[in-house]
Amino acid sequence: SLFADFQQTHEDLRLPGALTEPQLAVSRKQTFFPNDFNNSINKSARVGGALRLTPNWDFAAEVTYRDDDVDGVLTGLNLKQKRRQVTVNPRLRGTLPVGQHTLSLVIGSDLENSDYILTSPFGSQIGDQEMFCVYTLATLPINRYVSVSAGYRKAWHDRELVDGFRFLPGNELKDNQTANN
């Protein structure tokens, strides 16, 4: 079986700023930044499917692409943000007989790549991030009411950030991490 979906949203938000409680008591209609706004266009496309390999095993996968563009003014300052994200999620699902019971197994991985750029009067921030993980989950029913589940996941994370306003202009952050659960 196969599937595909696409979604696109446009948001045009007026953001007049937050008010303190005493300011709210005077008037909810007052604002300090009447021209602040946040306009965004968000697109998401996903395709996937499943393929029966044997009577007890199938392979399934999904690929997702997301694109977000933001243009706005906050506290009187212009900002733009672009973000792109691609994810791939393949997995193998199946069952094995264990005595009088059936063990359910899921073995898969997740791969995600995202990048973004944020520009404002303070400078630019450019980020690139990759995440990869492998996992397995096993579930064995003991009786009609109780099942035992066990799983394992190992993930790798790699991130690069060039930050022109949070740190000194042009500073670069590189971060690699591995995690096990």
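Look above for the structure.
Residues numbered from 1 in each chain as written. Predicted model: local features only at pLDDT ≥ 70, side-chain atom pairs only at ≥ 80, totals over all residues. Heavy atoms only, no water.

(A) Layout of a nonpolar patch on the surface. Where nonpolar side chains cluster on the molecular surface, the patch consists of Val47, Val63, Tyr65 and Val86 and spans about 310 Å² of accessible area. Within the secondary structure, Val63 is located in strand S3 (residues 57-74). (Patch = residues over 30% accessible without salt bridge, like charges linked within 9 Å, V, L, I, M, F, W, Y side chains within 5 Å. Areas by Shrake-Rupley, 256 points an atom, 1.4 Å probe, with all protein chains shown as cover. Salt bridge = Lys/Arg side-chain N within 4 Å of Asp/Glu carboxyl O. Helix = DSSP H or I, 4+ residues; strand = E, 2+ residues; numbered from the N terminus.)

(B) Layout of the pattern of salt bridges. Summed over the entire model, instances satisfying the criterion amount to 10 salt bridges. Here Glu62 makes a salt bridge to Arg91, at a shortest N to O gap of 3.1 Å. You can see Glu62 sitting in strand S3 and its partner Arg91 sitting in strand S5 (residues 91-98), a full 29 residues away along the chain. Classification of Glu62 as buried rests on a relative accessible area of 19%. Asp69 serves as the salt-bridge partner of Arg84, at 3.2 Å between the closest nitrogen and oxygen. In this pair, Arg84 sits in strand S4 (residues 77-88) while Asp69 sits in strand S3, placing the two residues 15 residues apart along the sequence. Several salt bridges share partner residues, and in doing so they unite Asp5, Arg46, Glu62 and Arg91 into one network. (Buried < 20%, exposed > 50% of the residue type's maximum accessible area, 1.4 Å probe, protein only.)

(C) Layout of a negative patch on the surface. A surface patch of like charges, here negative, comprises Asp115, Asp128, Glu130, Asp158 and Glu160. Elements supplying a minimum of two residues to the negative patch: strand S7 (123-141) and strand S8 (147-163). Since its relative accessible area comes to 32%, Asp158 is described here as partly exposed. (Lys, Arg positive; Asp, Glu negative; His and termini not counted. Charge placed at Lys NZ, Arg CZ, Asp CG, Glu CD.)

(D) A look at the side chain of Gln125. In this fold, Gln125 is placed in strand S7. Overall, Gln125 belongs to the buried group, its relative accessible area being 12%. Side-chain polar atoms of Gln125 contact the side chain of Tyr116, separated by 3.1 Å. (Polar contact = N/O pair within 3.5 Å; in protein donor to acceptor, adjacent residues only side chain to side chain.)

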